[in-house]
Amino acid sequence: MPSTPDAPTLLAAIARFLAADVLQEVQDPARRFRLRIAAHTLGGIARELAVGSDLARAELAALGAEVPTDSADLPTAVAAARRAMVGRIRDPSTGADELGALRKALLDIEGASAALGQPRFSRDLHIEEPR
Amino acid sequence: MHPSSTDLLTEFPWLGRLADTLGDATITAVSPLAGGACQDNFRIDGTSGGVPFRYALRSDARSSLPGSLDRAAEAQAIRAAVAADVPTPGVCHELADLLREGATATVLEWRDGVAIAAKVLKDPRLAAAREALPGQLAAALVRIHSVGPDRALSFRPSTPWSSTGEDAVEPALAFTRWNLDTLPDPYPSLELALRWLSEHRPAPRPARLVHGDFRMGNFLVGPAGLTAVLDWEFAHWGSPAEDLGWLCVRDWRFGRLPLAAGGLTTRHAFFDAYTAAGGGPVDPAEVHWWEILGNLRWAAGAAHQTQRVLTGAEADLELLVIGRRVSEMAFEALRLIDVGAS
């Protein structure tokens, strides 16, 4: 058991405090709405801090890029890999098979990223009622 | 001729001019209205000749999204819709430079109802309204799409995705391309979806009036159902299938994922209601294409909303954080490509 709480734990606690305690004291609908946004965003940042590095490594793998050994280099590496992949997608010579495989890989990445912000985000492929 | 309260005049110095415009008016209350990220909206209460009135006032905000109309152009779209019997508040007055220089304001008729989508979809008191809404919305959409460029000659928006010609697809793709290119960060998933769209274009169709933001949140609803279609800031000439696809975009279902048409009913039940209302047959594959494009448009729009804050044009928390949701729309665009048209 660590003796001091880490950043994700603290942020998650602050998010719960805002959503549970402070929200009760605020009556103005517009301020309540913004308070909910603030609490929700903090919760997302807490999850991002906890597992965002893993997601960044997974995205680099999906984009076929090298994963840096130092976590501090991940944002730069991801930005560069995205830029390179956008160029590849826009290149007419990039074939349907490569694009199809990339689509499958990016579905996983975008789904995981969406779930960081919205834990209840459904990643099911078939979500609608049939005809 | 004047607002009754000096306090009101101090807070809203433009009220004197508004009162003059409304005739022998005394304005008794000004209430900011929620919603409308690209406008400042107010409810205006007062009396004129001893008769109480209530209006909605809608003014250009300091900044807006790409493709958003200013109020003067929006008023032309509203007039075309009113002439086609679309249930929507009519334009009573237009005032240039009212809230600030360069910002046009429109005074609109007031309609009662609930617009907040979560309430419309979940409030037990609106259960009967939810039953009626699919048919009412389909009928409203058919009336909107009955308007062709020849019937609304004064509505010629300069927005890049508007096309009075036969091909609404190419301007929509070009506008989406521009939307992505003007963002500071690259988005491979959105790029991939855009490439798929450009390789699977639907057949051209004659241009019709398109609402451009026909979704939950822009429908005013009372106990008996639809009271008004709101918010014409993205109106343009284009394909009717665009409005159908936009209504089905996942984010407008507010948790009721199985019911694709705004969380109200299934895609095909809504398409059937549209056809029954006189809108002609619907091609599900064409709407599927526009729904994917709609997700791209909303993803780029969310990223642009964040840019409005990062560039200092706005200072709103909601706008700042909304760009963090791009992954949701990116996932949905790729999911739709993966599962195909149903």
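All values reported here derive from a predicted model rather than from experimental measurement. Each chain carries its own residue numbering, running from 1 in the direction its sequence is written. For this description, chains carry letters from A and ligands carry numbers from 1, given in the order in which they are written. A pLDDT threshold of at least 70 governs which residues receive local features in this predicted model, and a stricter bar of 80 or more applies before side-chain atom pairs are shown or counted, although totals over entire chains, interfaces and linings include all residues. The side-chain numbers reported here are obtained from all heavy atoms of the structure, hydrogens and water having been left aside.

Asks: Can you explain a nonpolar patch on the surface? Please cite residues and give values.
Replies: A grouping of L310, L317 and L320 of chain B is seen on the molecular surface, where their side chains present a nonpolar patch of about 240 Å² in accessible area. Mapped onto the secondary structure, L317 of chain B falls in helix α11 (residues 317-322). The patches described consist of residues with a relative accessible area above 30% and no salt bridge, like charges being joined within 9 Å and nonpolar side chains (Val, Leu, Ile, Met, Phe, Trp, Tyr) within 5 Å. Values of accessible area rely on a 1.4 Å probe in the Shrake-Rupley scheme; residue burial ignores everything except the protein chains shown. Any Lys or Arg side-chain nitrogen located within 4 Å of an Asp or Glu carboxyl oxygen qualifies as a salt bridge. We count a stretch as a helix when DSSP gives it H or I for four or more residues in a row; a strand needs E for two or more, and each element gets its number in order from the N terminus.

Asks: Please provide a residue-by-residue account of the interface of chain A and chain B, values included.
Replies: Counting from both sides, the interface comprises 40 residues of chain A and, opposite them, 34 residues of chain B. Summed over both partners, the accessible area (1.4 Å probe) lost when two parts come together is defined as the buried area. Summed over both sides, the interface of chain A with chain B buries roughly 3,400 Å², with 61% coming from carbon and sulfur. The interface formed by chain A and chain B holds 9 salt bridges in total. A salt bridge links R324 of chain B to E48 of chain A, with the shortest nitrogen-to-oxygen separation between them at 2.8 Å. When contributions to the side of chain A that touches chain B are tallied by element, the ones reaching two or more residues are α2 (29-62), α3 (74-90) and α4 (96-117) of chain A. If one sorts the elements of the side of chain A that touches chain B by residue count, α4 of chain A sits on top with 10 residues. Here, two residues are considered to be in contact whenever any of their heavy atoms come within 4.5 Å of each other.

Asks: Explain helix α8 (residues 240-247) of chain B to me, and be specific about the residues and the numbers.
Replies: Every α-helix winds through 3.6 residues per turn, so residues three or four apart in the chain are directed the same way. When a residue's accessible area, from a 1.4 Å probe over protein chains only, is under 20% of the maximum for its type it is buried; when over 50% it is exposed; and in between it is partly exposed. Taking burial as the measure, the 8 residues of α8 of chain B include 8 buried ones, the bulk of the element. Turning to α8 of chain B, the residues buried within the fold contact α5 (127-145), β6 (208-210), β7 (219-222), β9 (236-238), α9 (267-279) and α10 (284-310) of chain B.

Asks: Quick rundown of the packing of aromatic side chains? Include the residues and the values.
Replies: Residue and element names in this part refer to chain B. Put simply, two rings from Phe, Tyr or Trp (the six-membered ring, in Trp's case) pair if the centres are within 6.5 Å, and we call them stacked under 30 degrees between planes, edge-to-face over 60, tilted for the rest. Under the counting rule described, the total for this entry stands at 11 aromatic pairs over all chains. Relative to W178, the ring of F175 has its centre 6.1 Å away and its plane inclined at 10°; by these criteria the two rings are stacked. Taken as a pair, F175 and W178 lie in helix α6 (residues 169-181) at a separation of 3 residues, close to a single helical turn. Taken together, the aromatic side chains of F12, W14 and F42 make up a single cluster linked through ring pairs.

Asks: Give a description of the pattern of salt bridges that names residues and reports values.
Replies: Here the structure, examined in full by the defined rule, presents 35 salt bridges over all chains. In this structure, the salt-bridge partner of D338 of chain B is K104 of chain A, at a minimum N-O distance of 2.9 Å. Pair noted here: D338 of chain B is in helix α12 (residues 326-339) and K104 of chain A is in helix α4, and the two residues belong to different chains. Overall, D338 of chain B belongs to the partly exposed group, its relative accessible area being 22%. Under the relative-accessibility criterion, K104 of chain A is labelled partly exposed at 46%. Of the charged contacts in the structure, one is a salt bridge between E170 of chain B and R201 of chain B, with a shortest N-O distance of 2.2 Å.

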